[in-house]
Amino acid sequence: MFEITAHVRKKQRVEQGVKFLFLGMTLLMILPLLLIVGHLVYKAWPVLSMDFLLTNPIRGMRAGGIWAPLLGTLYLVIISLAVSAPVGVMAAIYLNEYAQDNGFTRVVNLAVVNLAGVPSIVHALFGLGAFVLFAGMGRSILAAALTLAVMTLPVIIASTKEALSAVPRSFREACWNVGASRWQTIRHIVLPNSISGILTGVILQVSRAAGETAPVMFTGAVFYKAIKEGDLFAYGLMDQCMALSMHLFTIATQVPGVPESLPYATAVVLLGVVLTVNATAIGLRVWLRSRKKW
Amino acid sequence: MRRFLNRWMEHGIETLIRLCGISAVLFVFGIFYFVFREGAGYLFNGLNLKEFFFSIAWHPTSVTHVRYGILALLAGTFSVTVLAMVLAVPFGLGAAIFISEFCNPRVRELLKIVIELLAAIPSVVWGFIGLTIMNSLIIRWFNTPIGLTLLNGGLILALMSVPIIVSIGEDALKAVPDSYREAALAMGATRWQLVYRVLFPAARNGLLAAVLLGVGRAVGETMAVLMATGHSVRIPTSLLDPVRTLTATIAAELGEAPVRSDHYQVLFIIGIVLFTITFCVNLTADLMVRGIRKRQA
């Protein structure tokens, strides 16, 4: 029989030690977060209710709910995605299906990567300079949504490109061989087979657009604006609006004398919206992946 | 007729697609152009570059002695980023190794989902956590009067940049061909020896890129540091000093600076500085990742 030598035993001990060290590191990253989220919910619990969601902030934002910021965020997200999703998906189709591997394509790819890394506050400066001042939109929902659209665009391009390139090349070749044109192939073969990946990428940007503060702070969101409660069309395109993320910043730092539970509740709602959207995207991805045929 | 229409539509759609592809480049230049345009007037006329980069005096709203020196702000950004990376890199890479090499597929999927959700938490919520929970913890642990410090900002930024380090690092490890692993294990290496001797050297560039992307995230982060670092302009001498970063300065002062005033233009120039820093960091990271892809191909 083989016998375990001292050397091997030591090796195995080191292996076990290292494994637990890394496990510990992973848990140390995740556990505090669960505690933090638990703490937020615990502190927010007294005021969380449907009423909180559906009433405007009152008394200088020291009481009441979050209807105006919630609706503002909804507007910003929908308009920005309505712009960035089609443009982003088509740009990705161009890069993945049409572009040859030449200098220009490399520049475009590089631009996409770097666009994704631009800090959100620089996007805010860009939005202020380009949309608010240069294009003359003023501080409005439109300007803020377009700023968010530019911010989410590169990530949508990147995720869509990944989804498109996951469709095997043989699918396309088979389609070309029966005489389909490039666009017909994309329309009937490539897109249906990659729609899950594309959708997930877009949904993930919904939560990013909802959570960003800096880009909307100087381009369209205001500290306070009362709107009609219960009216889904209370904002116009050129109005200024409140935004959930900025509302949290405002009542947490700018307004003295806010009861403690209000910012906690706002944070929990924002966190809840973002995590729900992301969980949906992840669920969708897992479900669609399990149905994938190749 | 129908055929003609189809062809015409196809042509239109393809043109549209091409235009969208080109728009990506336009946006990058657009961002640089518009940020530059707003700051250019003062950059070439009036700004003392030496004072701008090497003075710690930042008095943009003073009546008599207006000073625009960003050295302290640079130091703030630098110190918060370094602290965040010192905390986040070991944990991030450790978690990446654990997820990629040490756990079973089911746990791996679960952990990856958790990391993804972690990455989705908005920065303003992180800032709020820093402002409330971290603040009171730091006051209690270190017995200081105020907890909005460099340490607080560093911790928050570390938590924020860990997910990106984990996911890119895990990608880099996964990109190492399985034949490397099989060869090492067949020689009798333990998993740790495999990680240490084989995977680290093989995935070095990808891991470095993961760290750089974490740096990029930390440098550019705005709301969290605005709320958690205490917002006082100075070069920090200890972990418990409040600091202020470049990003937080723009966010805090842009609303009050009159449009096209010197102060307003200086804030845009800070934007250009930030853009340049993150551009260089991301470019380096991208070249490293690309290097790996090429070697594999």
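From a predicted model like this one, the values you see are computed outputs, not experimental measurements.

### Focus: the overall build of chain B
Looking only at helices and strands, one finds 12 helices and two strands in chain B. Along the first, second and third principal axes, the C-alpha atoms of chain B reach 75 × 75 × 35 Å. Residues classed as buried in chain B amount to 46% of the 297 residues present. Across chain B, the fraction of contacts at a sequence separation of at least 24, relative to all contacts at a separation of at least 6, is 73%.

### Details of the overall build of chain A
Check the secondary structure of chain A and you find 11 helices and two strands. When the helices and strands of chain A are listed from N to C terminus, the series reads α-α-β-β-α-α-α-α-α-α-α-α-α. For chain A, the C-alpha atoms occupy an extent of roughly 80 × 65 × 35 Å along the three principal directions. Residues classed as buried in chain A amount to 48% of the 294 residues present. Sequence-distant contacts in chain A: of pairs separated by 6 or more residues, those separated by 24 or more amount to 76%.

### Considering unusual backbone geometry
All names here are of chain B. Of note, Asn143 is a non-glycine position whose phi angle comes to about 55 degrees, a positive value. Tracing the backbone shows Asn143 in the loop between α5 (123-142) and α6 (150-174). With 8 C-beta atoms counted inside 10 Å, the residue Asn143 sits in the exposed group. A positive phi angle is found at Arg260, which is not glycine, with a value near 70 degrees. Here Arg260 shows up in the loop between α11 (246-253) and α12 (262-296). Given 12 C-beta atoms within a 10 Å radius, Arg260 is considered exposed.

### Section: the environment of Arg62(A)
Residues and elements named next belong to chain A. With respect to the helices and strands, the residue Arg62 is situated in the loop between β1 (57-58) and β2 (63-64). For Arg62, a count of 14 C-beta atoms within 10 Å puts it in the partly exposed group. Taking C-alpha positions, Arg62 is 27 Å from Leu35, a pair spaced 27 residues apart along the chain. Discounting chain neighbours no more than four positions away, the residues touching Arg62 are Val255, Gly257, Val258 and Pro259.

### Observations concerning the interface of chain A and chain B
In this assembly, 68 residues from chain A lie in contact with 65 residues from chain B. Counting residues per element, the side of chain A that touches chain B draws most heavily on helix α1 (residues 6-44) of chain A, at 16 residues. For the side of chain A that touches chain B, a count of residues per class yields 50 nonpolar, 14 polar and four charged.

### Digging into the packing of helix α4 (residues 105-120) of chain B against α6(B)
Residue and element names in this part refer to chain B. As a packed pair, α4 and α6 sit with axes 8 Å apart at the nearest point and diverge in direction by 140 degrees. Comparing their axes, α6 and α4 come out oblique. The way α4 lies across α6 gives a crossing that is left-handed. Packed against α4, whose contacting residues are Ile115, Leu118 and Ala119, the element α6 presents Pro163, Ile164, Val166 and Ser167 at the interface. Its residues assigned to classes, the contact of α4 with α6 comprises six nonpolar, one polar and no charged.

### What about the domain arrangement of chain B?
Accessible area lost during the coming together of the parts is what is often quoted as the interface size. Residue and element names in this part refer to chain B. Domain annotation of chain B identifies domain 1 (2-45) and domain 2 (73-296). Of note, the centres of domain 1 and domain 2, computed from C-alpha atoms alone, are 31 Å apart. Tallying the contact residues gives eight residues for domain 1 and eight residues for domain 2. Along the lines of polarity and charge, the residues of the side of domain 1 that touches domain 2 split into five nonpolar, two polar and one charged.

### Topic: α6(B)
Residues and elements named next belong to chain B. For α6, with 25 residues, the first-to-last C-alpha span of 35 Å sits near the 36 Å given by 1.5 Å per residue. Where α6 bends most, at Ser161, the angle is about 30 degrees, and the proline Pro163 comes one to four residues later. Burial within α6 is extensive, with 23 of its 25 residues counted as buried.

### Notes on the environment of Trp58(B)
All names here are of chain B. Relative to the assigned elements, Trp58 resides in strand β1 (residues 58-59). Between the alpha carbons of Trp58 and Thr237 there is a distance of 18 Å; along the sequence they are 179 residues apart. In this structure, Trp58 is in contact with Arg67, Tyr68, Gly69, Ile70, Ala72, Leu73 and Val233, ignoring residues within four places of it in sequence.

### Here we look at the environment of Leu110(A)
Take Leu110(A): it is sitting in helix α4 (residues 103-117). For Leu110(A) and Gly230(A), which are 120 residues apart along the polypeptide, the C-alpha to C-alpha distance reads 45 Å.

### Re the nonpolar core
In this structure, Leu76(A), Ile156(B) and Ile165(B) are the most contacted members of the largest nonpolar core, which totals 185 residues. No other element matches the 17 residues that helix α3 (residues 67-98) of chain A contributes to this core. Setting aside anything within four residues of it in sequence, one finds Ile156(B) in contact with Trp126(B), Ile129(B), Gly130(B), Met134(B), Ala224(B) and Ala228(B).

### Remarks on helix α10 (residues 244-254) of chain A
Along α10(A), nine of the 11 residues are buried, which leaves the element largely enclosed by surrounding structure. Turning to α10(A), the residues buried within the fold contact α3, α8 (182-211), α9 (214-217) and α11 (261-290) of chain A together with α5 and α10 (223-228) of chain B.

### Thoughts on the packing of α4(A) against helix α6 (residues 141-165) of chain A
Two quantities define a packed helix pair, namely the angle between the axes and the distance from one axis to the other. All names here are of chain A. Remark: α4 packs on α6, axes separated minimally by 8 Å, with the N-to-C direction vectors making an angle of 130 degrees. The orientation of α4 with respect to α6, classified from their angle, is oblique. As for how α4 packs across α6, the hand of that crossing is left-handed. Judged by residue contacts, Val112, Leu115 and Ala116 of α4 engage Leu153, Pro154, Val155, Ile157 and Ala158 from α6. The class makeup of the residues in the contact of α4 with α6 is eight nonpolar, no polar and no charged.

Rules used throughout
- Residues numbered from 1 in each chain as written.
- Chains lettered and ligands numbered in written order.
- Predicted model: local features only at pLDDT ≥ 70, side-chain atom pairs only at ≥ 80, totals over all residues.
- Helix = DSSP H or I, 4+ residues; strand = E, 2+ residues; numbered from the N terminus.
- Buried ≥ 20, exposed ≤ 12 C-beta atoms within 10 Å, placed from the backbone.
- Contact = placed C-beta atoms within 7 Å.
- Nonpolar A, V, L, I, M, F, W, Y, C, P; charged D, E, K, R; others polar.
- Axes fitted to C-alpha atoms, helices over the stretch in contact; angles between N-to-C directions.
- Parallel < 35°, antiparallel > 145°, perpendicular 65-115°, else oblique.
- Left-handed = near helix turned anticlockwise from the far one by under 90°.
- Domains from an automatic or database assignment.
- Expected span 1.5 Å × (residues − 1).
- Bend = angle between axes of the 7 residues up to and from the residue.
- Core = buried A, V, L, I, M, F, W, Y, C linked by C-beta atoms within 7 Å.

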